[in-house]
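Working through the structure, step by step
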Amino acid sequence: TLFRSMEPELFALPEEKALFQSYEAVRAAVEEMTGKLDYQGALEALGKLSSPINAFFDAVMVMDKDDKVRANRLALLGQCNRLFSEVGDLSVLS
């Protein structure tokens, strides 16, 4: 499942480490903002994930042949998706 727990020690590439670190920082900010019902602030915090996500997809082969690495990368992406979903259904904006 995409929402399994991540194992940060399995992140080897700089781009996946950077995305994980950015996710951790943004997660805390989003949780704080949504707790205050500051959805504008939460969206602004989520915007900080744009560059690390783009770099991740440019440099990282998500579907690695190593099952643990692949599952860990999918878990990271799943957690990022969950974070966006906490703020709202952004698909209705398109």
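Residues numbered from 1 in each chain as written. Predicted model: local features only at pLDDT ≥ 70, side-chain atom pairs only at ≥ 80, totals over all residues. Heavy atoms only, no water.

Points about the nonpolar core
Which entries qualify depends on this criterion: Among buried residues, those of type Ala, Val, Leu, Ile, Met, Phe, Trp, Tyr and Cys that are joined through side-chain atoms within 4.5 Å constitute a nonpolar core. Relative accessible area decides the class of each residue, using a 1.4 Å probe on protein chains only: under 20% of the type maximum gives buried, over 50% gives exposed, and in between gives partly exposed. Where helices and strands are cited, they refer to DSSP runs of H or I of at least four residues and of E of at least two residues respectively, numbered from the N terminus. The contact criterion used throughout is that any non-hydrogen atoms of two residues lie within 4.5 Å.
Ranked by size, the top nonpolar core spans 21 residues in total, and within it L19, V30 and L76 carry the most contacts. Counting residues per element, the ones that place at least two in this core are helix 1 (14-35), helix 2 (39-47), helix 3 (50-59) and helix 4 (67-87). Take this core: its biggest share by element is six residues, from helix 4. Ignoring sequence-local partners within four residues, the contact set of L76 consists of M6, F11, E16, L19, F20, Y23 and F56.

So, the pattern of salt bridges
For clarity, the threshold we go by: Any carboxyl oxygen of Asp or Glu that lies within 4 Å of a side-chain nitrogen of Lys or Arg is treated as forming a salt bridge with it.
Taken as a whole, this structure holds seven salt bridges when the rule is applied. Between R27 and E24 there is a salt bridge, and its shortest N-O distance comes to 3.2 Å. Separated by three residues within a single helix, R27 and E24 lie in helix 1, roughly one turn from each other. A cluster of three or more residues bridged by salt bridges with shared partners is formed by E16, D64 and R73.

Observations concerning the packing of helix 3 against helix 4
Heads up, the condition is: An axis is simply a line fitted to the C-alpha atoms; with a helix, the fit covers only the stretch in contact. Between two such axes, the angle follows the N-to-C directions and lies from 0 to 180 degrees. Here the word oblique covers every angle except those under 35 degrees (roughly parallel), over 145 (roughly antiparallel) and from 65 to 115 (roughly perpendicular). In a left-handed crossing the near helix is turned counterclockwise from the far helix by less than a right angle, and in a right-handed crossing that turn is clockwise. Residues are sorted three ways: Asp, Glu, Lys and Arg are charged, Ala, Val, Leu, Ile, Met, Phe, Trp, Tyr, Cys and Pro are nonpolar, and all the rest, Gly among them, are polar.
Between helix 3 and helix 4, whose axes approach to 13 Å, the crossing angle comes to 150°. Judged by the angle between their axes, helix 3 and helix 4 are roughly antiparallel. In this structure, helix 3 meets helix 4 at a crossing whose hand is left-handed. Taking contact as the criterion, the partners of I53, F56 and F57 in helix 3 are, on helix 4, R73, L76, L77 and F84. Grouping the constituent residues of the contact of helix 3 with helix 4 by class yields six nonpolar, no polar and one charged.

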